[in-house]
Structures are given as C-alpha cells and as structure tokens.
Amino acid sequence: MKKTGNTKLITVGELVKELTGYEKKHWDWNVEITAEGVEGEEEDPTCIITGMELDKDGDLRIEIEEEWAGGGAYYVGELLEQLKDFDAGTPVYLAGGSLLFSIDDQGGIFAETDEDDDTLSCYATAFGDYEEEPSVKASEVKKTVHMDRKGAIALVAMTVVIFFGLCYNIYALAVHSIRHAVWENIGGVVLCVLLLVICGATLYYSKEK
C-alpha cells in the first residue's frame, strides 16, 4: 500500500506528452531512471522498468529494479504503447526495492544521454516505503470505464429521443391531430414523462456514484 502524503505525482498524460516528443527520432532508445534517495552499496542507482499495473486506488504503479539485476527493460516506443492503455489523468508512481518513488518533472521529465548510449533518462525521488498489494488488470479497468461512458452516452441519446416524443404528443393534443386518437396521445405523454423520470434518475444516481 502506498501513502503519498504531500508528494505530487505526475500523470499518464504528462508522461505520454513528453515521450511523444522523442518517439520519432528515438523510439528504440531504452528508458532508465536514476532513483534518488536509495541507500546501500550504490547510492542513487540507475534502474530500468520491468512492468506496470494499476493499484487498488486506480493509480499506475511502474515497477523498477536496478539495472544490473538483469530484468526487463522498456524502450520509448514500447513504453508509449503501454501507457496509452491507461486514462490520461491517472497518477503515476514508481515502486522498487521496497521503496516508492515520484518522477521528477522540474524543467521536463526526460533528458537525452550521450548519443552512443541510446538511452532516455529521468530522475525519481523516494518518498515512502512500498508494501506489495494485489494488482488490478488495466484492461479490466479501462473496459469498465469505457462501458460506463458508452452507457451514459446511450442514456442521454435515449432521453433526447423520449423528450422529442413527449413534445410531439403534446403538440398533437394541442392541434387535435386526427392521425391518432386523443387517448393515444395522452398515453404517449404519460409514458414519455415516466421514461424521462426514469432516465433522469438513472443519470443523476450514476453521477453521484
């Protein structure tokens, strides 16, 4: 479990925006992190990304480990591709070696290293201890969010259609249209009003949730 306290976390959108600037020329460069605040055999070690997933709070946890550990590594294009699976407003933090890190963004997040090194680097500062917790699959969270949005859009569209149906029935009553019996228009008005109340209540309580 993480406790950020007053630590400000950057978002997925900020990461994507800056990485996109390097995608064209340096899409195959490795991404490395200098982990500041780590004590041990090597202070402020260079780390690489080994994976990422959403935590139970819906924040994106990027797993890192020291470069010498021989784990996985992400290059710019691959990291961008995976980040696009998450909502742009999702807060991001790093976790590795039992510590939590926030990515520094003063004057920009990433910096190019020597051309011969083919590496894009950033700095991260330790802000707390890290206790492992159950993960949430990003695909499931994203799917749920997308389904909720699509459902809300469909409900709004249905509400608009019902509203026009109500207007039509009221107009038909006002001009005494002979296309339908009066009782049909009255029934149409009552039905439309009932459906509008249901749709409105559904939209209201889904927002509250």
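Trainee: Please set out the state of the cysteines residue by residue, giving values where relevant.
Mentor: Going through the model one piece at a time under the given rule, you end up with 0 disulfides. With no disulfide of its own, Cys 47 lies 10.0 Å from the sulfur of Cys 122, the closest cysteine sulfur. No disulfide involves Cys 192; its sulfur sits 8.9 Å from the nearest other cysteine sulfur, which is in Cys 167. For Cys 192, a relative accessible area of 10% gives the class buried.

Trainee: An account of the nonpolar core is needed here, citing residue identities and associated values.
Mentor: The biggest cluster of nonpolar side chains holds 34 residues, and the ones touching the most others in it are Leu 15, Leu 60, Ile 62, Leu 83 and Phe 110. Elements represented by at least two residues in this core include exactly helix 1 (12-26), strand 1 (30-36), strand 2 (46-54), strand 3 (60-66), helix 2 (76-83), strand 4 (92-96), strand 5 (99-103) and strand 7 (119-129). For this core, the element with the most residues is helix 1, which contributes 5 residues. With residues up to four places along the chain from it excluded, the contact list for Phe 110 reads Leu 15, Glu 18, Leu 19, Tyr 22, Val 31, Leu 120, Ser 121 and Cys 122.

Trainee: Account for a negative patch on the surface, with residues named and values stated.
Mentor: A cluster of acidic residues, Asp 28, Glu 67, Asp 117 and Asp 118, forms a negative patch at the surface. Looking at the secondary structure, you find Asp 28 in the loop between helix 1 and strand 1. Overall, the relative accessible area of 45% leaves Asp 28 in the partly exposed class.

Trainee: Help me get a handle on the packing of aromatic side chains, residues and values and all.
Mentor: For the coordinates displayed, the defined rule picks out 2 aromatic pairs. On the basis of an interplanar angle of 80° and a centroid distance of 6.0 Å, the ring pair of Trp 27 and Tyr 75 is categorised as edge-to-face. Here Trp 27, found in the loop between helix 1 and strand 1, pairs with Tyr 75, found in the loop between strand 3 and helix 2; they are 48 residues apart in sequence, far enough to count as distant. Taking relative accessible area as the criterion, Trp 27 reaches 46% and is therefore assigned partly exposed. With a relative accessible area of 32%, Tyr 75 lands in the partly exposed category. Seen in terms of ring centroids, Phe 163 and Phe 164 are 6.1 Å apart; in terms of plane orientation they differ by 65°. Their pairing is edge-to-face. A relative accessible area of 42% places Phe 163 in the partly exposed class. On the basis of relative accessible area, Phe 164 is assigned to the exposed category, the value being 54%.

Trainee: Outline the pattern of salt bridges, supporting the account with residue identities and numerical values.
Mentor: Inspection of every chain in the model, using the stated rule, returns 2 salt bridges. We note a salt bridge from Arg 61 to Glu 53, for which the minimum N-O separation is 2.7 Å. Arg 61 gets classed as buried once you look at its relative accessible area, which sits at 1%. Here Glu 53 falls in the partly exposed class, since its relative accessible area comes to 26%. With a shortest N-O distance of 2.8 Å, Arg 61 and Glu 63 are connected by a salt bridge. One network of salt bridges, with partners in common, ties together Glu 53, Arg 61 and Glu 63.

Trainee: Quick one: what's the story with the confidence of the model for the protein chain, residue by residue and with numbers?
Mentor: On average, residues of the protein chain score 79 in pLDDT, and 76% of them are at 70 or above. Throughout residues 143-147 the model reports pLDDT below 50, and contacts reaching past four residues in sequence, or to other chains, amount to 0 contacts.

Trainee: Go over helix 2, please, and point to the residues and values.
Mentor: All of the buried residues in helix 2 are Val 76, Gly 77, Leu 79, Leu 80 and Leu 83. On an axial view of helix 2, the arc spanned by its buried residues comes to 165°, and they lie on one face. Packed against the buried residues of helix 2 are helix 1, strand 1, strand 2, strand 3 and strand 7.

Trainee: Could you give me a rundown of the pairing of strand 7, with the residues and numbers involved?
Mentor: Looking at chain direction, strand 1 and strand 7 are connected through 7 bridges and run parallel. Each residue of the ladder has a partner; that of Asn 30, found in strand 7, is Thr 119. When strand 6 (residues 111-112) meets strand 7, the two strands line up antiparallel, connected through 2 bridges. Across the sheet, the residue bridging to Ala 111 is Ser 121, located in strand 7.

About the thresholds
- Residues numbered from 1 in each chain as written.
- Predicted model: local features only at pLDDT ≥ 70, side-chain atom pairs only at ≥ 80, totals over all residues.
- Heavy atoms only, no water.
- Disulfide = S-S within 2.5 Å.
- Buried < 20%, exposed > 50% of the residue type's maximum accessible area, 1.4 Å probe, protein only.
- Core = buried A, V, L, I, M, F, W, Y, C linked by side-chain atoms within 4.5 Å.
- Helix = DSSP H or I, 4+ residues; strand = E, 2+ residues; numbered from the N terminus.
- Contact = heavy atoms within 4.5 Å.
- Patch = residues over 30% accessible without salt bridge, like charges linked within 9 Å, V, L, I, M, F, W, Y side chains within 5 Å.
- Areas by Shrake-Rupley, 256 points an atom, 1.4 Å probe, with all protein chains shown as cover.
- Salt bridge = Lys/Arg side-chain N within 4 Å of Asp/Glu carboxyl O.
- Lys, Arg positive; Asp, Glu negative; His and termini not counted.
- Charge placed at Lys NZ, Arg CZ, Asp CG, Glu CD.
- Phe/Tyr/Trp six-rings, centres within 6.5 Å; stacked < 30°, edge-to-face > 60°.
- pLDDT = per-residue confidence, 0-100.
- Arc of directions from axis to C-beta.
- Pairing = 2+ DSSP bridges.

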